[in-house]
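Here is what each chain is made of, one letter per residue.
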Amino acid sequence: MFARGLKPLSIASVVLIVGAFALVFFYAPNDADQGFVQKIFYLHVPLAIVALFGFVAGGVYGIRYLRTDDRSHDLRSYVAIHISLILAVAALVTGSIWARAAWGQWWVWDEPTLVSFLIVFLLYACYQPLRFSIEDPERQARTAAVFAIVAGAFVPLNFMAVRLAESLVHPRVLSATGGSMPGEMRLTFLVALTGMAVLFVTLWKYELTSKEASMQLRALKRALADEDDAWVPTRRSAAPQQI
Amino acid sequence: MGPDQAQRGAAADLMPALPLDDAGPYVAAAYLVFLALILVYVAIMAAKLARIGRELGEVTEIVRRRAAERRERDGEEEAVHR
């Protein structure tokens, strides 16, 4: 069900990510202000953007689950949020390294972009424990969907609030009017962003396929156990157990 | 000095460009963190896949054993009927 198109997606991810990194180091010019350290931008910003879109996608699948009661949407939402959390960790760590190199500090608490991203990350860090705390699968899926929708709506609101805040420390390089990036930098950034988005979709499909295989295997074991009149205990998990 | 230049100057004061020798390790560290996270994720997925493969092997073995038992039982019943 989920494995369709996985092979071309995997190839596209590798080609785009390798291509983006090649452009970063061999094509994009060094930044006039920051010099070589600005190369972190091509990794850090796509990671953050794709993670935020992944969180919103988790909310969208949460809505679809509540509307259709189709458990596969709950699984899609869970996996999207799970992978977004991993990308968010990478965005936080790479951002911290960049901050250390550019500002001389690992973290700046009065910088709205950083703190708001941390708040979004911490909010979503509650998602897995929330799921794990609910044993009934139906209730778990419903509560997780509501959480994903509310938190997903918070992401763009948070983004707009940060955009409205004036900050000199975290410059705006992307805007509706085109931002302030020269052509080579813009192209490199767009390739890196596309590569990260395709990587996200690939990992999402990988995990969905793995979870589906795991569920089918569990169902098979249960069917065999029923023939034996034996009881197979189901392990408590934050992940959806059936679709 | 125009407002843009003033802003650029202020930004440059806050973010002085590091020389390549100093900036290199930071850039390498950032890209290595990303690579390490992806590799850890792939390793976890590989471990899960290996577990699924092992469990699938166990299930296949159970099904085979049951089929053999069923064939044996059918054979015995046929012998009794004769």
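Heads up: the structure comes first, above all this text.
Summarised in this report is the structure supplied together with it.

Each value, and the rule that gives it
Residues numbered from 1 in each chain as written. Chains lettered and ligands numbered in written order. Predicted model: local features only at pLDDT ≥ 70, side-chain atom pairs only at ≥ 80, totals over all residues. Helix = DSSP H or I, 4+ residues; strand = E, 2+ residues; numbered from the N terminus. Buried ≥ 20, exposed ≤ 12 C-beta atoms within 10 Å, placed from the backbone. Contact = placed C-beta atoms within 7 Å. Nonpolar A, V, L, I, M, F, W, Y, C, P; charged D, E, K, R; others polar. Core = buried A, V, L, I, M, F, W, Y, C linked by C-beta atoms within 7 Å. Axes fitted to C-alpha atoms, helices over the stretch in contact; angles between N-to-C directions. Parallel < 35°, antiparallel > 145°, perpendicular 65-115°, else oblique. Left-handed = near helix turned anticlockwise from the far one by under 90°. Expected span 1.5 Å × (residues − 1).

**Let's talk about the overall build of chain A**
When helices and strands are tallied, chain A shows seven helices and zero strands. Scanning chain A from its N terminus toward the C terminus, one meets helices and strands in the order α-α-α-α-α-α-α. When each of the 243 residues of chain A is scored for burial, the buried share is 37%. Contacts spanning at least 24 positions in sequence make up 79% of the contacts within chain A whose residues lie at least 6 apart.

**Points about the overall build of chain B**
Each helix and strand in chain B was counted, giving two helices and zero strands. A buried classification covers 9% of the 82 residues belonging to chain B.

**What about the interface of chain A and chain B?**
Tallying the contact residues gives 32 residues for chain A and 27 residues for chain B. Within the residue set of the side of chain A that touches chain B, elements represented by two or more residues are α2 (41-68), α3 (71-103) and α7 (183-228) of chain A. Examining the composition of the side of chain A that touches chain B, we find that 11 residues originate from one element, α3 of chain A, more than from any other. Counted by class, the side of chain A that touches chain B contains 22 nonpolar, six polar and four charged residues.

**What to know about the nonpolar core**
Val-37, Leu-47, Ala-51, Leu-87 and Ala-91 of chain A are the most contacted members of the largest nonpolar core, which totals 68 residues. Secondary structure elements with two or more residues in this core: α1 (6-26), α2, α3, α4 (112-125), α6 (137-164) and α7 of chain A together with α2 (20-81) of chain B. The element that contributes the greatest number of residues to this core is α3 of chain A, accounting for 16 residues. If we skip the residues at most four places from it in the chain, Ala-91 of chain A touches His-44, Leu-47, Ala-48, Ala-51 and Phe-117 of chain A.

**Section: the packing of α2 of chain A against α3 of chain A**
Residue and element names in this part refer to chain A. Following both chains from N to C, one finds α2 and α3 inclined at 160°, their axes separated by 7 Å at the closest point. The angle between the axes of α2 and α3 places the two elements in the roughly antiparallel class. The interaxial crossing formed by α2 with α3 has left-handed handedness. Considered class by class, the residues forming the contact of α2 with α3 number 17 nonpolar, 10 polar and three charged.

**Digging into α3 of chain A**
Residues and elements named next belong to chain A. Look at α3: 46 Å from first C-alpha to last across 33 residues, which is about the 48 Å you get at 1.5 Å a residue. A large share of α3 lies buried, amounting to 24 of its 33 residues. Count one or two residues on from α3 and you reach Gly-104, which has phi positive near 80°.

**Some words on α2 of chain A**
Between its terminal C-alpha atoms α2 of chain A stretches 40 Å, which fits the 40 Å expected from 28 residues at 1.5 Å a residue. Just downstream of α2 of chain A, Asp-69 of chain A is the residue with a positive phi angle, here 65°.

**As for the environment of Gln-38 of chain A**
Residue and element names in this part refer to chain A. Along the chain, the position of Gln-38 falls in the loop between α1 and α2. Look at Gln-38 and you get buried, because 25 C-beta atoms sit within 10 Å. With 173 residues separating them in the primary sequence, Gln-38 and Lys-211 have C-alpha atoms 38 Å apart. Setting aside chain neighbours within four positions, we find Gln-38 in contact with Asn-30 and Asp-31.

**What to know about the environment of Ala-51 of chain A**
All names here are of chain A. Following the sequence through the fold, Ala-51 ends up in helix α2. With 27 C-beta atoms counted inside 10 Å, the residue Ala-51 sits in the buried group. Considered as a pair, Ala-51 and Leu-203 are 152 residues apart in the sequence and their alpha carbons are 13 Å apart. Sequence-distant contacts of Ala-51, defined by excluding residues within four places in its chain, comprise Ser-84, Leu-87, Ala-88 and Ala-91.

**Some words on the environment of Gly-54 of chain A**
Residue and element names in this part refer to chain A. Structurally, the position occupied by Gly-54 is in helix α2. According to the C-beta neighbour criterion, Gly-54 is buried, with 27 such atoms within 10 Å. Excluding its chain neighbours within four sequence positions, the residues that come into contact with Gly-54 are Ala-80, Ile-83, Ser-84, Leu-87 and Phe-200.

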